[in-house]
Every structure is written in C-alpha cells, then in structure tokens.
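What the coordinates show
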Amino acid sequence: MKTSIIMTAYCSTQHQAHMTMAAIANIVKYTDPKDYELIVFDGSGKHIIRNDYRVWPDNTRIIIKDPDIGYTSAMNEGVKLTTGDPIVFIQNE
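The following paragraphs examine the structure supplied in this document. (Residues numbered from 1 in each chain as written. Predicted model: local features only at pLDDT ≥ 70, side-chain atom pairs only at ≥ 80, totals over all residues. Heavy atoms only, no water.)

Brief notes about the nonpolar core
Test applied: Nonpolar cores are built from buried Ala, Val, Leu, Ile, Met, Phe, Trp, Tyr and Cys residues. Side-chain atoms within 4.5 Å join them into one set. Throughout this description, buried means an accessible area under 20% of the type-specific maximum (1.4 Å probe, protein chains only), exposed means over 50%, and partly exposed covers the range between. Helix and strand assignments come from DSSP, with helices taken as H or I runs of at least 4 residues and strands as E runs of at least 2, each series counted from the N terminus. Should any heavy atoms of two residues lie within 4.5 Å, those residues are counted as being in contact.
The biggest cluster of nonpolar side chains holds 13 residues, and the ones touching the most others in it are Ile-24, Leu-38, Val-40 and Ile-49. Where this core is concerned, the elements lending two or more residues are β1 (3-9), α1 (14-30) and β2 (36-42). Residue contributions to this core peak at four residues, all from α1. Ignoring any residue separated from it by four or fewer positions in sequence, one finds Leu-38 in contact with Ile-5, Ile-24, Ile-27, Asn-59, Thr-60 and Arg-61.

Brief notes about a nonpolar patch on the surface
We count it as follows: Surface patches are defined over residues having more than 30% relative accessible area and no salt bridge, joining like charges when they lie within 9 Å and nonpolar side chains (Val, Leu, Ile, Met, Phe, Trp, Tyr) when within 5 Å. Throughout, the Shrake-Rupley method with a 1.4 Å probe supplies accessible areas, and for residues the shown protein chains are the sole cover considered. Think of a salt bridge as a Lys or Arg side-chain nitrogen and an Asp or Glu carboxyl oxygen that are within 4 Å of each other.
A contiguous nonpolar patch, built from Val-79, Ile-87 and Phe-89 and spanning about 220 Å² of accessible area, is present on the exposed surface. In this structure, Val-79 sits in helix α2 (residues 71-81). A residue is classified by how much of its surface remains accessible, and Val-79, at 33% relative accessible area, is partly exposed.

What follows is the structure, encoded as structure tokens:
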C-alpha cells in the first residue's frame with residue numbers, strides 16, 4: 001500500500017522555506033520510498049522552495065503555482081495527482 005502525501009507551502013520568509021525543506025528531508029529520511037509519493041504545492045510566496053539540500057527523491061513532485069491558488073485549491077489539485085491510498089495532507093507551518 002502506497003501513501004500519497006500532499007504538502008502545501010507558502011513561504012513568506014526564508015525561515016519557512018528552510019522549514020519546508022527540513023520537513024521534506026525528514027519524510028525522505030524516515031520513510032521508505034516505495035511506501036509513499038510526495039506532492040508539494042508551493043504557493044509562490046516570497047521564497048520559493050528549492051532543492052538546495054538535495055533531498056527530493058524521484059517520487060516527489062514539486063508544483064509551483066504563481067499566482068497562489070490557495071490552500072484548499074492546492075489540496076484539491078494534489079488529490080487529482082495522487083496514485084496512492086491513503087492520502088495524507090500536511091502543511092509547512
């Protein structure tokens with residue numbers, strides 16, 4: 001069984017961008033890649049998340065939305081992209 005993880009991010013500060021990357025890094029570190037897929041919606045705040053830490057695995061999709069489509073719409077768009085069950089929603093804050 002593969003879990004679909006949908007994360008929303010709107011990084012208005014550099015700190016939030018780092019916390020988002022730390023959250024992704026911990027998912028990668030503590031979860032077996034065959035057990036999940038990760039879909040991240042970045043609402044294109046002031047600081048767009050980047051793979052500076054080189055933590056994005058192959059099963060991660062990063063979607064930058066500019067202008068921001070909002071939290072609920074990002075979650076709904078993420079659900080359309082999922083292939084796993086169950087679906088887990090998380091935020092970067």
